[in-house]
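# Descriptive structure summary
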Amino acid sequence: MSRVLLTGGTGYIGSHTAVSLLESGHEVVVVDNLVNSKIDSIREVEKLMNAKVPTYIGDVQDEQLMNRIFTEQHIDVVIHFAGLKAVGESVHKPLEYYQNNFDSTLVLIRTMLAHQVNNIVFSSSATVYDPANDPERVEGMPVGNCSCPYGWTKFMIEQIIRDCCHAYPQLNAVMLRYFNPVGAHPSGVIGENPLGIPNNLMPYIQQVAVGKLDHLNIFGNDYPTPDGTCVRDYIHVCDLADAHALACDYLLKHEGCCQEINIGSGHGVSVMELVTAFEKANNMKLAYQFAPRREGDLPIFFANADKARELLGFKTRRSVEDMCRDAYRYQQKQSGKE
Ligand code: NAD
Ligand code: UD1
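Reading the values: rules and limits
Residues numbered from 1 in each chain as written. Chains lettered and ligands numbered in written order. Predicted model: local features only at pLDDT ≥ 70, side-chain atom pairs only at ≥ 80, totals over all residues. Heavy atoms only, no water. Buried < 20%, exposed > 50% of the residue type's maximum accessible area, 1.4 Å probe, protein only. Helix = DSSP H or I, 4+ residues; strand = E, 2+ residues; numbered from the N terminus. Arc of directions from axis to C-beta. Contact = heavy atoms within 4.5 Å. Polar contact = N/O pair within 3.5 Å; in protein donor to acceptor, adjacent residues only side chain to side chain. Phe/Tyr/Trp six-rings, centres within 6.5 Å; stacked < 30°, edge-to-face > 60°. Lys NZ or Arg CZ within 6 Å of the ring centre and 35° of its normal. Near = heavy atom within 4 Å. Areas by Shrake-Rupley, 256 points an atom, 1.4 Å probe, with all protein chains shown as cover. Nonpolar A, V, L, I, M, F, W, Y, C, P; charged D, E, K, R; others polar.

### Looking at helix α3 (residues 63-72)
For α3, every residue scored as buried is listed here: Leu 65, Met 66, Ile 69 and Phe 70. Along the long axis of α3, the arc covered by the buried residues comes to 130°, so they all point the same way. In this structure, α3 carries Gln 64 and Thr 71 as exposed residues pointing more than 90 degrees from its buried face. The inward-facing, buried residues of α3 contact β1 (3-7), β2 (27-32), β3 (55-57), β4 (77-80) and α5 (94-114). The backbone nitrogen of Gln 64 has a side-chain oxygen 3.1 Å away, supplied by the residue at the start of α3, namely Asp 62.

Right, here's the structure in full:
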């Protein structure tokens, strides 16, 4: 089995991926500067899996540190999660977003090549697709016209990786375009608990459910969708984590690859359907009201999941009810701690 370095590994998706990798027999090493996470998540993973995860606290932009990690650890694959990810914040702080997300990627690829580490999985996003596309996003569709600097960093880092694969044929890359990751590990010990008022739907619902927020505002009920609310492709974070373990296996078996792959369920779910599923899964009522549309929201988009199935053998296993139950369990545990 292989040893996998997770940049940004103490974060939401990174910590769940650590579990998935350990479950499938890989070893895990983490580097994170804790700008948006706590070391506790990796400690919880270690307890859960009864495993040791060497963790370096530091910035991926620090070339000396990255050289040290590649010298001390025999790394086979890198999964590059580290990055700033808040859509709204990126509009107000473009320099921070471009510097952090670009420089960390450039330093990472440079040090990987210097140490003959040739396999990289990159955390991309469905946000790279041109909004003018058909709602069912297929990998070959046009990308660009991103709505914010965060989206442009994903768009441009994909291009940087494609250019590097072309220039350095030994480099193998898989760029996973995530749709909407939600939920938490069923143990309830790791999950997503953003600082301040959440921007994204599921964390907001979780906080309404535990009484931390008063009610959910549903942004728009007059969209051209069956119930008037926006439709997205939600994916359980543990399914998303499993996709990373499969991507590592794929990279180790395919030299000279450079692939963009959607990771979603392939099914659209409306805001109203998610609210109803949350109520049913947790046997409760959620307070909500309809509010004006949020600027920049598209009525509907979801993944075409064929390529992930064909190349990685990936298929989602958890239902929307699982997402809702696990998200609530995690939030309840968190509010017990607060
Ligand atoms: P997260 O913020 O929980 O995790 C990112 C981690 O990277 C954090 O722990 C942060 O401390 C760390 N980090 C940031 N810059 C760093 C740097 N320069 N050096 C070291 N560590 C650094 O976010 P997440 O939800 O787990 O997302 C992981 C990746 O997936 C990100 O690249 C994000 O853009 C991408 N992504 C996330 C979503 C989503 O909905 N969560 C959707 C699409 C893509
Ligand atoms: C958002 C980002 C996207 C990012 C993704 C990460 C925007 C425009 N897009 O996607 O770039 O990759 O998060 O998961 O920010 N909603 C409500 N009430 C709320 C919050 C959300 O009704 O309080 C609705 C939104 O209008 C949307 C749906 O819920 O229709 C999902 O929203 P969200 O979770 O923010 O994800 P996206 O907008 O799809």
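### What about the packing of aromatic side chains?
Two descriptors summarise a pair of aromatic rings, namely the distance from one centre to the other and the angle between the planes of the rings. For the structure shown, the criterion picks out five aromatic pairs. Measuring from centroid to centroid gives 5.8 Å for Phe 278 and Tyr 328, while their planes differ by 70°, and the two rings are edge-to-face. Within this pair, whereas Phe 278 is found in helix α9 (residues 271-282), its partner Tyr 328 is found in helix α11 (residues 320-337), the two being separated by 50 residues in sequence. A residue is classified by how much of its surface remains accessible, and Phe 278, at 0% relative accessible area, is buried. Taking 5.8 Å as the distance between ring centres and 70° as the angle between the ring planes, the aromatic pair formed by Tyr 288 and Phe 290 counts as edge-to-face. The exposure class of Phe 290 is partly exposed, given its relative accessible area of 40%. The residue whose ring lies beneath Arg 177 is Tyr 129, and the NZ or CZ to ring-centre distance is 4.9 Å. Positioned over the ring face of Tyr 223 is Arg 293, at 4.0 Å from the centre of the ring.

### Structural notes on the site of ligand 2
What surrounds ligand 2 is a group of 19 residues, the closest being Leu 201, Asn 217, Arg 232, Arg 294 and Asp 297. Backbone polar atom of Phe 219 to an oxygen atom of ligand 2: 2.9 Å apart, as the coordinates give it. A distance of 2.6 Å separates an oxygen atom of ligand 2 from a polar side-chain atom of Arg 232. When ligand 2 sits alone it has 740 Å² of accessible area, and the protein chains cover 87% of it. For the shell around ligand 2, the elements supplying multiple residues, two or more each, are β8 (180-182), α7 (201-209) and β9 (216-219). Looking at which element gives the most residues to the shell around ligand 2, the answer is β9, with four residues. Considered class by class, the residues forming the shell around ligand 2 number ten nonpolar, six polar and three charged.

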